[in-house]
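Residues per chain, in single letters:
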Amino acid sequence: MGDHAAHPAQPPGAGPLNAPAPLSAAEEQAAAIEAGRRLFAAPCQFLYAAQTEDRLPPPAGPEIAFAGRSNVGKSSLINALTGHHALARASGQPGRTRQLNFFDLGGRLMLVDMPGYGYAQAAASIKADWQGLMFDYLRGRPTLRRVVLLLDARIEVKDADEAVMELLDRAAVAYQIVLTKADGVKPAALEKKHAEAIALARAHPAALPEVIATSRDTGAGIPELRAVLAGLADPAG
Ligand SMILES: Nc1nc2c(ncn2[C@@H]2O[C@H](COP(=O)(O)OP(=O)(O)OP(=O)(O)O)[C@@H](O)[C@H]2O)c(=O)[nH]1
Ligand SMILES: [Mg+2]
């Protein structure tokens, strides 16, 4: 009797007969989701607020920055990811976050809440300051692993979003598009929006192809985004 009869499930050439079977895509995703859950179950605390580039905390561990238009839901997404109600200050009043806010997640990942862009009523001086700070931070931060670029699932992509994507392309910072407020659109419209965002990502050299649709209110997409970010964090000590 040959090996094939003894191990009927083993495809020919699959390696040593006693090696564990490779994980299926579903098992790999389940493991990533679990890693994300564990990372974000760690305590998260506000560490630092930087208003100017010379006041940035010294680069340490890996960082993820959350960028997007004013009111798109950056602070709310950080709260949803970390399971806090008010870790990052969210508000119906656009322009709420006016500095780079650094949050330490279990000593393994720094989450950076960025000020929103593109809010017409914001004072010109604030806008100018912010653009300088944002550009300097994005270009010069060696520990910045990824920018999560938020787009509102309920509205069209704006010129300001395009401008920031070009800026990120130029700074060669890897970024990933995440749709927010997915609860505010019907499933068919969300699917269309998702496809549009993937096409948009493909058109930008520094954008990663994967797009995740999220909602703070339903929790949609939160475990998936945690899983992606866990892959960028320092390993659990
Ligand atoms: N329906 C819905 N509303 C949301 C969601 N996330 C955020 N919001 C609302 O959107 C508004 C803006 O949220 P913030 O988290 O403050 O947005 P931000 O991007 O941090 O805004 P700035 O700091 O001003 O740039 C608030 O009124 C939130 O309640 C969501 O998933 N669904
Ligand atoms: Mg905010």
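Residues numbered from 1 in each chain as written. Chains lettered and ligands numbered in written order. Predicted model: local features only at pLDDT ≥ 70, side-chain atom pairs only at ≥ 80, totals over all residues.

J.: Please explain the overall build of the chain as it appears in this structure.
T.: In terms of regular secondary structure, the chain is built from seven helices and seven strands. A total of 237 residues make up the chain; the buried ones form 35% of that total. Within the chain, contacts between residues at least 6 apart in sequence are counted, and of these 74% link residues at least 24 apart. (Helix = DSSP H or I, 4+ residues; strand = E, 2+ residues; numbered from the N terminus. Buried ≥ 20, exposed ≤ 12 C-beta atoms within 10 Å, placed from the backbone. Contact = placed C-beta atoms within 7 Å.)

J.: What's the story with the sheet that holds strand E5 (residues 144-152) in this structure? I'm lost.
T.: Strand pairs in the sheet, formed through backbone hydrogen bonds, run parallel or antiparallel to each other. The seven strands are arranged E1-E3-E4-E2-E5-E6-E7 in an open sheet whose pairing can be described as mixed. Of all the strands in the sheet, the pair left with one neighbour each is strand E1 (44-50) and strand E7 (212-213). In this structure, strand E6 (residues 175-180) lies alongside E7, joined through two bridges in parallel fashion. In the sheet register, Leu 179 faces E7, and the bridge partner there is Ala 213. Strands E5, E6 and E7 of the sheet are contacted by helix H6 (residues 187-202), whose axis makes an angle of about 165° with E6. (Pairing = 2+ DSSP bridges. Axes fitted to C-alpha atoms, helices over the stretch in contact; angles between N-to-C directions.)

J.: Just checking my understanding: could you explain the packing of helix H2 (residues 25-41) against helix H7 (residues 222-230) for this structure?
T.: Packed helix pairs are specified by the crossing angle of their axes together with the interaxial distance, meaning the distance between the axes. Viewed as axis vectors pointing N to C, H2 and H7 meet at an angle of 85°, and their least axial separation amounts to 7 Å. By the angle between their directions, the pair H2 and H7 is classed as roughly perpendicular. Across from Ala 32, Ile 33, Ala 35, Gly 36, Arg 37, Leu 39 and Phe 40 in H2, the residues of H7 making contact are Pro 223, Arg 226, Ala 227, Leu 229 and Ala 230. Looking at the contact of H2 with H7 residue by residue, the classes come out as nine nonpolar, one polar and two charged. (Parallel < 35°, antiparallel > 145°, perpendicular 65-115°, else oblique. Nonpolar A, V, L, I, M, F, W, Y, C, P; charged D, E, K, R; others polar.)

J.: Mind showing me how you'd approach the environment of Thr 143 here?
T.: Following the sequence through the fold, Thr 143 ends up in the loop between helix H4 (124-140) and E5. According to the C-beta neighbour criterion, Thr 143 is exposed, with 12 such atoms within 10 Å. The residues touching Thr 143, leaving out its near neighbours within four places in the chain, are Pro 59, Ala 60, Gly 61, Pro 62 and Glu 63.

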